[in-house]
Amino acid sequence: MRKFNLMKTVVLFITILAFSNCEENGPIQFIVADDFETSVVINNLGDQSSFTISSSTDISDLLDNADSFVETNIESVIAELGDDYSGTSINGTLKVSSGSVTFLDQSINLTKNPSAPIVIPSNSSDILSLISSGTFPISVSGTTTEPLGDNNFTLKLTFRVKATVE
């Protein structure tokens, strides 16, 4: 019985010690993740094998609580051709950036089916300073092995955003 009382006392002591070390007045942070899709319209480039398009997308829904964001990063991007593309695929390199941050710069085979998410390195993913205005500026450039073959189509980009909120 004496051993049992000693164990209860030790457990109670450890519990009190653990709770007394908790921070009572600090902000509570939590992580949210969401996807947002944007379409980049490519016009009058059917006979070209390179392109550069600047666009922006409205992300005001994402910014409802932007004043409490501590950190915001792009985790991954999915690139695919819109249903309005007349061919089946485009092979080449694709570069996706916003401001001075480059998210993607690699060889890719674009099809109408979503690609596997391309993971963005953590040192190239911080967008907190880029999204404060409610729009997200995007620059897309690419080179293809053959001319694009379509004068009017869309490129769909789906960004996975992870944010720490207080």
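Check the entry above for the structure.
Residues numbered from 1 in each chain as written. Predicted model: local features only at pLDDT ≥ 70, side-chain atom pairs only at ≥ 80, totals over all residues. Heavy atoms only, no water.

Engineer: Please explain the overall build of the chain as it appears in this structure.
Structural biologist: Per the secondary structure count, the chain includes one helix and eight strands. Helices (α) and strands (β) of the chain occur, in sequence order from the N terminus, as α-β-β-β-β-β-β-β-β. In the chain, which comprises 166 residues, the proportion classed as buried is 37%. In the chain, once contacts between residues fewer than 6 apart in sequence are set aside, the share between residues at least 24 apart is 81%. Carbon and sulfur atoms make up 51% of the accessible area of the chain, which totals about 10200 Å². (Helix = DSSP H or I, 4+ residues; strand = E, 2+ residues; numbered from the N terminus. Buried < 20%, exposed > 50% of the residue type's maximum accessible area, 1.4 Å probe, protein only. Contact = heavy atoms within 4.5 Å. Areas by Shrake-Rupley, 256 points an atom, 1.4 Å probe, with all protein chains shown as cover.)

Engineer: Would you explain empty space enclosed by the protein in this entry?
Structural biologist: Gaps left between atoms show up when a probe the size of a water molecule is rolled over them. All told, the structure shown has one cavity of 30 Å³ or more when counted by the stated rule. When its volume is computed, the largest cavity comes out at roughly 50 Å³. For the largest cavity, the full set of lining residues is Phe 51, Ile 90, Asn 91, Gly 92, Thr 93, Leu 94, Ile 108, Leu 110, Thr 143 and Thr 144. Those elements that provide at least two residues to the lining of the largest cavity are β4 (89-98), β5 (101-111) and β7 (135-144). Its residues assigned to classes, the lining of the largest cavity comprises five nonpolar, five polar and no charged. (1 Å grid on protein atoms, 1.4 Å probe; cavity = no way out; pocket = protein on both sides within 12 Å on 5 of 7 lines; lining within 4 Å. Points joined across faces, edges and corners; volume = space filled by probe spheres on them. Nonpolar A, V, L, I, M, F, W, Y, C, P; charged D, E, K, R; others polar.)

Engineer: So what exactly am I meant to see when it comes to the sheet that holds strand β8 (residues 152-165) here?
Structural biologist: Consider a sheet: its strands pair through backbone hydrogen bonds, and that pairing is either parallel or antiparallel. The strand order β1-β8-β3-β6 describes an open sheet built from four strands, whose pairing is antiparallel. Only two strands of the sheet have a single partner each, and these edge strands are β1 (30-43) and β6 (118-119). Note: strand β3 (residues 69-81) against β6, two bridges, orientation antiparallel. Opposite Ser 76, over in β6, you have Val 119 as the bridge partner. (Pairing = 2+ DSSP bridges.)

Engineer: Sorry if this is basic, but what is going on with the pairing of β3 here?
Structural biologist: Within a regular strand, the side chains alternate between the two sheet faces. Burial runs high along β3: ten of the 13 residues are buried. The sheet contact formed by β3 and β8 spans eleven bridges and is antiparallel. Bridge assignment links Asn 73 to a residue of β8, and that residue is Lys 162.

Engineer: Quick question: what am I supposed to make of the sheet that holds β7 here?
Structural biologist: One open sheet accounts for four strands, arranged β2-β7-β4-β5; its pairing is antiparallel. At either margin of the open sheet sits one strand with a lone partner, and together these are β2 (50-58) and β5. The mean angle between the axes of side-by-side strands here comes to 20°, regardless of whether they run parallel or antiparallel. As defined by bridge partners, β2 adjoins β7 across nine bridges and the pair is classed as antiparallel. Directly across from Thr 52, in β7, lies its bridge partner Ser 141. (Axes fitted to C-alpha atoms, helices over the stretch in contact; angles between N-to-C directions.)

Engineer: Explain the side chain of Thr 38 to me, please; I cannot follow it from the model alone.
Structural biologist: Within the secondary structure, Thr 38 is located in strand β1. In this structure Thr 38 comes out as buried when scored by relative accessible area, which is 4%.

Engineer: How should unusual backbone geometry be read in this particular structure?
Structural biologist: Note on backbone geometry: most residues besides glycine have negative phi, and most peptide bonds are trans. Despite not being glycine, Asn 44 has its phi angle at roughly 55°, a positive value. Inspection of the secondary structure assignment puts Asn 44 in the loop between β1 and β2. Judged by relative accessible area, which is 62%, Asn 44 ranks as exposed.

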